[in-house]
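What follows is the residue order along each chain.
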Amino acid sequence: MLTCHDIANYFLATLDSEAGDLMSNLKLQKLVYYAQGFHLALYDKPLFDSPIEAWAHGPVVPELYHRFKAYGANAIPETPAIEVSHYGPQVLELLEEVSTVYGQFSATKLRNMTHEEAPWKQTPLGQVISHERMQQFFKTRLVQA
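Going along each chain's sequence as written, the residues are numbered from 1 onward. Reporting in this predicted model follows two pLDDT cut-offs: at least 70 for local features of residues, and 80 or more for side-chain atom pairs to be given and counted; totals over whole chains, interfaces and linings ignore these cut-offs and use all residues. With hydrogens and water set aside, each side-chain value is computed from the structure's full complement of heavy atoms.

Chemist: Sorry, what's going on with the overall build of the protein chain here?
Modeler: In DSSP terms, a helix is any run of H or I states spanning at least four residues, a strand is any run of E spanning at least two, and both are numbered starting from the N terminus. Looking only at helices and strands, the protein chain has seven helices and two strands in total. Ordering the α and β elements of the protein chain from the N terminus gives α-α-β-β-α-α-α-α-α. The C-alpha extent of the protein chain, read off along each of the three principal axes, is 35 × 35 × 25 Å. Throughout, exposure labels follow a simple rule: accessible area from a 1.4 Å probe, protein chains only, divided by the maximum for the residue type, with under 20% read as buried, over 50% as exposed, and the rest as partly exposed. Across the 145 residues in the protein chain, those meeting the buried criterion constitute 43%. Contact criterion: two residues are considered in contact whenever any of their non-hydrogen atoms come within 4.5 Å of each other. Partitioning the intrachain contacts of the protein chain with sequence separation of at least 6 by distance along the chain shows that 75% fall at a separation of at least 24. Only carbon and sulfur atoms are counted for the fraction: they give 52% of the accessible area of the protein chain, which is about 7,700 Å². Taken as two groups, the 11 positive and 16 negative side-chain charges of the protein chain have centres that lie 10 Å from each other. In these tables, accessible area is a Shrake-Rupley quantity obtained with a 1.4 Å probe, and a residue counts as shielded only by the protein chains included in the view. His is not counted here, nor are the chain ends, while Lys and Arg score as positive and Asp and Glu score as negative. For charged residues, the charge sits on one atom: NZ in Lys, CZ in Arg, CG in Asp, CD in Glu.

Chemist: What is the right way to read the layout of surface pockets from this model?
Modeler: Sizing a probe to match a water molecule and rolling it over the atoms shows the empty space that remains. Two kinds of site are reported from a 1 Å grid over the protein atoms alone, namely cavities, where a 1.4 Å probe fits but cannot get out, and pockets, open sets with protein on both sides within 12 Å along at least five of seven lines, and residues are called lining when an atom falls within 4 Å of a point. Grid points are joined across faces, edges and corners, and a volume is the space filled by probe spheres set on the points. When its volume is computed, the largest pocket comes out at roughly 360 Å³. Lining the largest pocket are 13 residues, with F38, L42, L94, E97 and L142 positioned closest to its centre. Mapped by element, the contributors of at least two residues to the lining of the largest pocket are α2 (25–43) and α4 (89–102). Counting residues per element, the lining of the largest pocket draws most heavily on α4, at seven residues. In this count, Pro and Cys sit with the nonpolar residues alongside Ala, Val, Leu, Ile, Met, Phe, Trp and Tyr, while Asp, Glu, Lys and Arg are called charged and the others, Gly among them, polar. The class makeup of the residues in the lining of the largest pocket is nine nonpolar, one polar and three charged. By volume, the second largest pocket is sized at about 260 Å³. Among the residues making up the lining of the second largest pocket, the classes are represented as six nonpolar, five polar and two charged.

Chemist: Would you explain the packing of aromatic side chains in this entry?
Modeler: Ring pairs (aromatic) are described by centroid distance and by the angle formed between their planes. Each aromatic pair joins two rings of Phe, Tyr and Trp (for Trp, the six-membered one) with centres within 6.5 Å, and gets the label stacked for planes under 30 degrees apart, edge-to-face for over 60, and tilted for any other angle. Under the counting rule described, the total for this entry stands at ten aromatic pairs. Centre to centre, the rings of F38 and F138 are 4.8 Å apart; their planes meet at 70 degrees, and the pair counts as edge-to-face. Here F38 is found in helix α2, whereas its partner F138 is found in helix α7 (residues 131–139), with 100 residues between them in sequence. Assigned by exposure class, F38 and F138 land together as buried. Consider the rings of F137 and F138, whose centres lie 5.1 Å apart with planes at 85 degrees: the pair is edge-to-face. Take F138: its relative accessible area is 1%, and that puts it in the buried class. What links up through ring pairs into an aromatic cluster is the set Y33, Y34, F38, Y102, F137 and F138. A positively charged side chain is recorded as over a ring if its NZ (Lys) or CZ (Arg) lies within 6 Å of the ring centre. The angle to the ring normal must also be within 35 degrees. The side chain of K109 reaches across the aromatic face of F105, ending 5.8 Å from its centre.

Chemist: Can you walk me through the packing of α2 against α7 in this structure?
Modeler: Pairs of packed helices are described in terms of their axes, by the angle between the two and the distance that separates them. Throughout, an axis means a line fitted to C-alpha atoms (over the contacting stretch in the case of helices), and angles, computed between N-to-C directions, take values from 0 to 180 degrees. At a minimum axis separation of 8 Å, α2 and α7 run at an interaxial angle of 80 degrees. Classified by the angle their axes make, α2 and α7 are roughly perpendicular. Residue-level contacts link Y33, Y34, Q36, G37, F38, L40 and A41 of α2 to H131, M134, Q135, F138 and K139 of α7. Angle categories are assigned with fixed cut-offs, so that under 35 degrees is roughly parallel, over 145 is roughly antiparallel, 65 to 115 is roughly perpendicular, and the rest are oblique.

Chemist: Explain unusual backbone geometry to me, please; I cannot follow it from the model alone.
Modeler: Backbone phi values are negative for most residues with the exception of glycine, while trans is the configuration of most peptide bonds. Not every positive phi belongs to a glycine, and D44 is a case in point at roughly 55 degrees. Residue placement: D44 occurs in the loop between α2 and β1 (53–55). In this structure D44 comes out as exposed when scored by relative accessible area, which is 52%.

Encoded structure:
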């Protein structure tokens, strides 16, 4: 199974800093949250094991927060190239889709979006957002082909 660090590294490795793409800890947290939510909805299992908690600024993977907190609200440097075979085609497709759809938004916009969504709204601050709650919510967000 992948880790939350693998997912974060994917988003950091696919940044295009020359095009002006920046990734703060806040934005990264939201992208990792959306990846977990959609993976739960599509495949009925978590993408990674680390818990996601409801914090004041939205869903947060504490383990990742502590890894990147030294950057504050500043941009996290790009991660060197990743080994894509480690992810598998389904996960790569999912992460690319999350990056395309949600990566275009600012950290503040993503924060505000998560504040309007049931998983964060229905979880007391400081508590773990359950996989079940995320799965239920994200199943309603899947586009039927």
